[in-house]
Amino acid sequence: MNVYDSDRMQDLMNAVGYENSDTPEGADMVIINTCHIREKASEKLFSDLGRIRPHKNKKNGEMIVAVAGCVAQAEGEEIFKRSNVVDIIVGPESYQTLPDLVGKVLRDKKKQINLEFIPDNKFDNLVELKAGTGASAFVTVQEGCDKFCTFCVVPYTRGTEYSRDVNKIYEDALRLADKGVKEIYFLGQNVNAYHGNDENGQASTLAKLIEKVASIDAIKRVRYTTSHPRDMSNDLIAAHRDIDKLMPFLHLPIQSGSNNVLKMMNRKHTRQDYFKTIEKIRQARPDLGLSSDFIVGFPGETDQDFEDTMDLVKQIGFTQCYSFKYSPRQGTPSADSKHQIDEKVKDERLARLQALLSEQQFDFNKKSIGVKMPVLFEREAPKASAKEKSDKIQLWGKSPYLQSVIVDVATKEEAQKYFGQIADVEILQARPSSLMGKIV
Ligand code: 5AD
Ligand code: SF4
């Protein structure tokens, strides 16, 4: 979602005459969009500000520095106190006011801050949708969260749950289809709790929204993230059986395999609930690729709790996952727990879990060898080594199961032909986190 928000801020500033720059060197404005979800992510802000300072000095201070995103929301005025290079602080639900704030800084020579929660007004002001419209485009359909997991800052930084109207999302999808976008990726912190109004003013569902957008001819693929196990409704599960354009992949974070920990996390589901949901969805779509998020070392997590997580992973079998060490976030209930886990124990648990998850991902990739699958090509593949740089042109795309697929092409012209297109690829080789193949 931060990528989506950064693109929208870029659109907003482009509309008032700013152009993009690849470097802060000489720039009239720098926007740092921040994440507050774990400590490491928010620490980056102050080191980035330190790197920007000399560039601002070189321009005799004639550079507007804006801090946007969830660190801005959570830290507010404190950021001005910690770093005097900052001119603007703007939250994730009020960045539509950025051009205004810039105007005020230039006119009044005064620092500006806006941390309001005005999501509906925000989307009404974001009509351009230019940046980030390649083969696949994100569309935010829902924001915020009312679930209050005890470790998580999202309900505080993104605010209460909000769903956009069906028609507005549909219009976005049509505009994107016109620009050549083939895949729409619906975004929301709680995307499957989506309940935006339809054309009759009735609350819709994510399943209905998927069906509507999938009816656009030029849109060939639909995906969504991130879902909560509690909101995995029967109509959404049925959509995975009935709608061909809905890709066979689901990111469904469980966080822990232990009921004790899930309870302490206030997740409102048990490990048994999760098994049941996965069984239902695999019945609907047997080839579904499954992903999840895990937190290890949550306060009070015992060895046995962690073994329950390992056991759940072994029983389910994931195709890719994210896993993190618990990071206490100020203001969340679990940050004050007296049962914090030793850093070394967290490290050991994370290493064991990640080894298992990587093995499962590699196994899934190996099963793809010899299979022919449609791949949506998005861009040139990043070069692995200097040697590769000289002699190879490689394309990067996504399989239906969200695997990275890389193919060789002979010429730049041929590469151009495939960008933004779906082509059948025979998988020749599996790597731990990608596949190599040839277009057939
Ligand atoms: N510490 C570690 N991981 C966290 N996440 C959210 N909050 C924390 C935290 N305090 C993880 C969860 C979530 C993902 C986006 O980030 O696993 O699903
Ligand atoms: Fe955070 Fe997700 Fe829990 Fe909401 S459901 S509080 S976004 S982890």
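Everything numeric in this text was worked out from a predicted model, so none of it was measured.

## Describing the sheet that holds strand β14 (residues 393-398)
Then step 1. One closed barrel holds the 5 strands; their spatial order is β13-β14-β15-β17-β16, and the pairing between them is mixed. Averaged over neighbouring strand pairs, the angle between their axes works out to 55 degrees when direction is ignored.
Then step 2. One ladder, built from 6 bridges, connects β14 with strand β15 (residues 404-409); its direction is antiparallel. What sits directly across from Gly397, in β15, is Val405.
Then step 3. Contacts from helix α14 (residues 343-367) reach β16 (422-431) and β17 (434-439) within the one sheet, and its direction differs from that of β16 by about 125 degrees.

## Details of the site of ligand 1
Then step 1. Around ligand 1, a shell composed of Ile37, Arg38, Phe151, Gln255, Asp293, Ile295, Phe324, Lys325, Tyr326, Ser327 and Arg329 is seen.
Then step 2. Gln255 places a side-chain nitrogen or oxygen 2.6 Å from an oxygen atom of ligand 1.
Then step 3. A distance of 2.6 Å separates an oxygen atom of ligand 1 from a polar side-chain atom of Asp293.
Then step 4. Here ligand 1 loses 87% of its free accessible area of 400 Å² to cover by the protein chains.

## Examining the packing of aromatic side chains
Then step 1. By the definition in use, this model includes 8 aromatic pairs.
Then step 2. Between the aromatic rings of Phe123 and Tyr162, the centroid separation amounts to 6.3 Å while the plane-to-plane angle is 5 degrees, which identifies the pairing as stacked. Placement of Phe123 in helix α6 (residues 119-124) and of Tyr162 in strand β7 (residues 162-163) is noted, with a sequence separation of 39 residues between them.
Then step 3. Aromatic pair Phe298 and Tyr326: ring centres 5.4 Å apart, planes at 70 degrees, arrangement edge-to-face. You can see Phe298 sitting in the loop between β11 (289-296) and α13 (303-316) and its partner Tyr326 sitting in the loop between β12 (320-325) and α14, a full 28 residues away along the chain. Accessibility classification places Phe298 together with Tyr326 in one group, the buried group.
Then step 4. These aromatic residues form a ring-pair network of at least three members: Phe151, Phe298 and Tyr326.
Then step 5. The ring of Tyr4 is capped by Arg8, whose NZ or CZ atom sits 4.8 Å from the centre of that ring.
Then step 6. The ring of Phe324 carries Arg38 above its face, with NZ or CZ at 3.6 Å from the centroid.

## Comments concerning the sheet that holds strand β5 (residues 136-140)
Then step 1. Judged by pairing direction, the sheet is parallel, and its 3 strands sit side by side in the order β5-β8-β9 without closing on themselves. Edge positions in the sheet fall to β5 and β9 (221-225), since each has one partner strand and no second. Recorded for the sheet is a direction-independent mean angle of 25 degrees between the axes of neighbouring strands.
Then step 2. Two elements, strand β8 (residues 183-187) and β9, share 5 bridges in a ladder whose sense is parallel. If you follow Phe186 over to β9, its bridge partner there is Tyr224.

Rules used in this analysis
Residues numbered from 1 in each chain as written. Chains lettered and ligands numbered in written order. Predicted model: local features only at pLDDT ≥ 70, side-chain atom pairs only at ≥ 80, totals over all residues. Heavy atoms only, no water. Pairing = 2+ DSSP bridges. Helix = DSSP H or I, 4+ residues; strand = E, 2+ residues; numbered from the N terminus. Axes fitted to C-alpha atoms, helices over the stretch in contact; angles between N-to-C directions. Contact = heavy atoms within 4.5 Å. Near = heavy atom within 4 Å. Polar contact = N/O pair within 3.5 Å; in protein donor to acceptor, adjacent residues only side chain to side chain. Areas by Shrake-Rupley, 256 points an atom, 1.4 Å probe, with all protein chains shown as cover. Phe/Tyr/Trp six-rings, centres within 6.5 Å; stacked < 30°, edge-to-face > 60°. Buried < 20%, exposed > 50% of the residue type's maximum accessible area, 1.4 Å probe, protein only. Lys NZ or Arg CZ within 6 Å of the ring centre and 35° of its normal.

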